[in-house]
Amino acid sequence: MRENGPVTSATRQPETKASAVPPRLIATDLDGTLLRDDKSVSPRTVAALAAAEEAGIEVFFVTGRPARWMDVVSDHVHGHGLAICGNGAAVVDLHGGPGSHRFVKVRELARENALDAVRLVREAAPGTVYAIELTYGFYQEQAYPKLHMEIPDSLATAEKLLAPDAPGPTSRC
């Protein structure tokens, strides 16, 4: 029995205090978490990220944003960290700042699988429209809604955008 009541799994003290084990990784979402309402990062947060990396702690930004948008993030965090982008489709090294990023890992969706998905969804939900995210570009069908200010690199049907002779690089994210 503890002074304040019975010992439960919620009140049991761990044998090793968590503060005694240094963190090895920091992972954070961007929008609504790391980024303020004006999409900036506070100087205090930038300093904390730099201090974490200097202490040997890996910093990861985890986002649904595409890899090609990471220049803005890198600029805000002054080139600290790695970004897991496109809902896990790519890992980008932000060190070195905007314009000097490199892909650490790209998890491609095979063209044949993407085409199968397009076909199956079109059969199940006629009128469905698509946008195709590539490691270095954005492509969409003509009827795809304007959800942001970005201008697509090309307009065509998903079937043409995913064809072997399609525009842009072969890596799809």
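Structural notes, computed from the coordinates. (Residues numbered from 1 in each chain as written. Predicted model: local features only at pLDDT ≥ 70, side-chain atom pairs only at ≥ 80, totals over all residues. Heavy atoms only, no water.)

1. A closer look at the sheet that holds strand β6 (residues 131-134)
With respect to topology, three strands assemble into an open sheet ordered β6-β7-β8, the strand pairing being mixed. Unpaired on one side and paired on the other, β6 and β8 (154-155) mark the two borders of the sheet. Note: β6 against strand β7 (residues 137-140), four bridges, orientation antiparallel. Along β7, the bridge assignment pairs Leu134 with Gly137. (Pairing = 2+ DSSP bridges. Helix = DSSP H or I, 4+ residues; strand = E, 2+ residues; numbered from the N terminus.)

2. Considerations on the pairing of strand β3 (residues 82-85)
Two elements, strand β2 (residues 58-62) and β3, share three bridges in a ladder whose sense is parallel. Of the residues in β3, the one forming a bridge with Phe61 is Ala83. The parallel pair β2 and β3, bridged by helix α2 (residues 70-76), forms a crossover whose chirality is right-handed. Of the strand pairs in this sheet, β3 and strand β4 (residues 90-93) are connected by four bridges, and their pairing is antiparallel. Following the sheet pairing, Leu82 is matched in β4 by Asp93. Counted along the chain from β3 to the antiparallel partner β4, the turn is four residues long, and its residue Gly86 has a positive phi close to 55°. (Right-handed = clockwise from strand over helix to strand, strands pointing away.)

3. Re the environment of Leu115
Following the sequence through the fold, Leu115 ends up in helix α3 (residues 111-124). The spatial distance from the C-alpha of Leu115 to the C-alpha of Ala158 is 7.8 Å, given a sequence separation of 43 residues. In this structure, Leu115 is in contact with Ala158, Glu159 and Leu162, ignoring residues within four places of it in sequence. (Contact = heavy atoms within 4.5 Å.)

4. Notes on the nonpolar core
One finds Leu30, Phe61, Met70 and Leu94 to be the most contacted residues of the largest nonpolar core, which totals 19 residues. Of all the secondary structure elements, the ones that give two or more residues to this core are α1 (43-54), β2, α2, β3 and β4. Examining the composition of this core, we find that three residues originate from one element, α1, more than from any other. If near-sequence neighbours (up to four positions away) are discounted, Phe61 is found in contact with Thr28, Leu30, Leu34, Leu49, Val77, His80, Gly81, Leu82, Ala83, Ile84 and Leu94. Membership of the second largest hydrophobic core comes to nine residues, among which are Tyr130, Ile132, Ala158 and Leu162. (Core = buried A, V, L, I, M, F, W, Y, C linked by side-chain atoms within 4.5 Å. Buried < 20%, exposed > 50% of the residue type's maximum accessible area, 1.4 Å probe, protein only.)

5. Describing the pattern of salt bridges
Any two side chains of opposite charge can pair if their charged atoms end up close together. According to the stated counting rule, one finds eight salt bridges in the structure shown. Its salt-bridge partner being Asp93, residue Arg102 comes within 3.6 Å of it at the nearest N-O pair. For Asp93, a relative accessible area of 12% gives the class buried. We note a salt bridge from Glu159 to Arg122, for which the minimum N-O separation is 2.8 Å. Of this pair, Glu159 sits in helix α4 (residues 158-161) while Arg122 sits in helix α3; the two residues are 37 residues apart in sequence, bridging distant segments of the chain. Its relative accessible area of 34% is what places Glu159 among the partly exposed residues. With relative accessibility at 23%, the residue Arg122 sits in the partly exposed group. Salt bridges here are not isolated pairs; linked through shared partners, they connect Asp31, Lys39 and Arg65. (Salt bridge = Lys/Arg side-chain N within 4 Å of Asp/Glu carboxyl O.)

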